[in-house]
Amino acid sequence: MSEAAEFDRLHGIGTKEEHSIFTDRDPATSIKGCGFKDRSTALQTLLLIEQPGSRYKQYWTVRAMLERAKRHPVVVAAASLAATGASEQESTSSSSAKDMLEAIRVFEEWLKTRDKEVDNGNHKVDGAPMVEYRVTPGLETNCSSKRLSNSTEMAQRSRFASCKILNRRGGTAEQERLHGPEMQRQLRQDQAEGKRAVRSGAAGGMSQASGPSPWFSLPGPAFSSMFGGPGIHGYGRLHECGGAAVGGGCRTAEPITKLRVSVRATQDPPQGQSAQREARRLASAHWLEDLQRQVGVLRHRLIEAERSRNPDILRDPGGISALGLGAKPFDAWGSFELEYDVLSERARFSSWERKRSSSSPANGAQQSVLDFFAKRRKTESVEMLLVSANPQGAADGAADSSQPKGTISEEVVVLSD
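Source: prediction; values computed, not measured. (Residues numbered from 1 in each chain as written. Predicted model: local features only at pLDDT ≥ 70, side-chain atom pairs only at ≥ 80, totals over all residues. Heavy atoms only, no water.)

S.K.: So what exactly am I meant to see when it comes to the packing of aromatic side chains here?
M.R.: Any aromatic ring pair is given by two values, namely how distant the centres are and how the planes are angled relative to each other. Overall, the coordinates contain 13 aromatic pairs when judged by the stated rule. Taken together, a centroid distance of 5.7 Å and an interplanar angle of 75° make the contact between Phe227 and Tyr235 edge-to-face. For Phe227, a relative accessible area of 0% gives the class buried. The class of Tyr235 is buried, set by a relative accessible area of 2%. Judged by centre distance (5.3 Å) and plane angle (75°), the rings of Phe336 and Phe349 are edge-to-face. With Phe336 in strand β12 (residues 333-341) and Phe349 in strand β13 (residues 346-354), this residue pair connects regions lying 13 residues apart in the sequence. Across the pair, Phe349 and Phe336 agree in class, each one buried. (Phe/Tyr/Trp six-rings, centres within 6.5 Å; stacked < 30°, edge-to-face > 60°. Buried < 20%, exposed > 50% of the residue type's maximum accessible area, 1.4 Å probe, protein only. Helix = DSSP H or I, 4+ residues; strand = E, 2+ residues; numbered from the N terminus.)

S.K.: I'm lost on the nonpolar core in this one. Help?
M.R.: The nonpolar side chains of a soluble globular protein tend to be buried with one another. Core analysis: the largest hydrophobic core is formed by 37 residues, its most contacted members being Phe36, Leu43, Leu46, Val62, Phe107, Trp110 and Leu288. Of all the elements in the fold, those that place two or more residues in this core are α2 (39-48), α3 (58-70), α6 (95-114), β4 (131-133), α11 (286-294) and α12 (301-309). Element by element, the count of residues in this core is highest for α6, at 7 residues. Ignoring sequence-local partners within four residues, the contact set of Val62 consists of Leu46, Ile49, Phe107, Trp110 and Leu111. In this structure, Ile165, Ile320, Leu325 and Trp333 belong to the second largest nonpolar core, which totals 32 residues. (Core = buried A, V, L, I, M, F, W, Y, C linked by side-chain atoms within 4.5 Å. Contact = heavy atoms within 4.5 Å.)

S.K.: Help me understand the pattern of salt bridges, please; the structure alone is not making it clear to me.
M.R.: Once their charged atoms are close, side chains differing in charge can pair, the charge on each being opposite to the other. Inspection of every chain in the model, using the stated rule, returns 28 salt bridges. Salt-bridge contacts for Asp8 lead to Arg63; the nearest nitrogen and oxygen are separated by 2.6 Å. You can see Asp8 sitting in helix α1 (residues 3-11) and its partner Arg63 sitting in helix α3, a full 55 residues away along the chain. Here Asp8 falls in the partly exposed class, since its relative accessible area comes to 25%. In this structure, Glu240 and Arg159 form a salt bridge, with 2.8 Å as the shortest nitrogen-oxygen distance. Linking Glu240 in strand β9 (residues 236-240) with Arg159 in helix α7 (residues 151-161), this pair joins segments that are 81 residues apart in sequence. In terms of burial, Glu240 and Arg159 fall into one category: buried. Within the structure, one salt-bridge network assembled from shared partners comprises Asp8, Glu18, Arg63, Glu67 and Arg71. (Salt bridge = Lys/Arg side-chain N within 4 Å of Asp/Glu carboxyl O.)

S.K.: Whenever I open this one, the environment of Pro221 confuses me. Can you help?
M.R.: Tracing the backbone through its elements, the reader meets Pro221 in helix α9 (residues 220-227). Once residues lying within four places of it in the same chain are set aside, the contact partners of Pro221 are Ile165, Leu166, Arg168, Arg169, Asp190 and Glu345.

S.K.: Looking at this model, I keep getting lost on α11. Mind explaining?
M.R.: In an α-helix there are 3.6 residues to a turn, and that puts residues three or four apart on one side. When α11 is considered as a whole, its buried residues turn out to be Trp287, Leu288, Asp290, Leu291 and Gln292. Two residues or fewer after α11 comes Gly296, characterised by a positive phi angle close to 85°.

S.K.: Looking at this structure, how should I read the side chain of Thr41?
M.R.: The topology assignment puts Thr41 in helix α2. The class of Thr41 is buried, set by a relative accessible area of 7%. Engagement of the side chain of Thr41 in a polar contact is seen with the side chain of Arg315, the distance being 3.2 Å. If we skip the residues at most four places from it in the chain, Thr41 touches Gly33, Gly35, Phe36, Arg315 and Pro317. (Polar contact = N/O pair within 3.5 Å; in protein donor to acceptor, adjacent residues only side chain to side chain.)

Right, here's the structure in full:
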């Protein structure tokens, strides 16, 4: 059975009993940042699904975004107007409708390309593979599906899906079919609860002169509904700290205990005079190029063709802004890192970076995604050295009184035990 036929069958597409289109039955394995708000979000989605561990569900993700977009009230209203004979300008007078229709066009082009000849898991554009990947250790070809998958990532995601704390709201396909709307309402409630907890924790952390912020309660379902599962997200990255290796015969039932969330800065829209328009246009999609490298893609010819067809400035749909945390203190934050203790369902901020002012170097430009993760790796290396120098203190969570609790490194406030 084809992917399209299987998707239609399992979601009741074309029948009076369509279901499970808007629900997410495993929030603890989700990749955040996939969506259909506009062209930028659609292109971000096409890259997020290319990372190891997500390639097995590429079609399902894109198809879900497409079906959701087609059923959005704004798009439905535009289609109704067009059916009455209204002009294209009249039927798409809403900017939201125009933006979503652009996202629909991008997804339909991807699906059309996917239906063409397949060669070693790569779909072709004008005779060349649509996507070229960087070589990654452990990456294997899934011959049955003709797609690339990473056995280690798949095993890790299975662990997260079975975690009774992080995926407490998860359910089976049958539960999703029968109770999809209720599951989606609960997900929204969990997201609202998570945002309240994170805002409260940030407010408490700002009062700290040094050291990490105080621990604050963050229930597992609220954490997962906000940050999803392990991997690269639109907002940044989530990874497991000190977890047991999976795959290759290693134990996969090891409990998940510590997680780290790295939230990057949202790249601001370029500013300047009309004389700098071309330079601003060329620099407008650094976030897209950075994300492409992060997910392990060398070339994505469909995205290249899309940018050539329409070189308009692409807004950054990800970063800290994508979390929807609102104002204080996040209106002054450029990025942050969050530690999460799964067993106690508590979190704390380990570091944050303030937004750069217009008087800062690089004309106030936000750091790129790659620069952000490079700083995180540097910070983690320093922390490893500190732990090796004082393993007992690190194990006990106690601070070494002979060392300062807070250090400043490249404009990032690094707060370590």
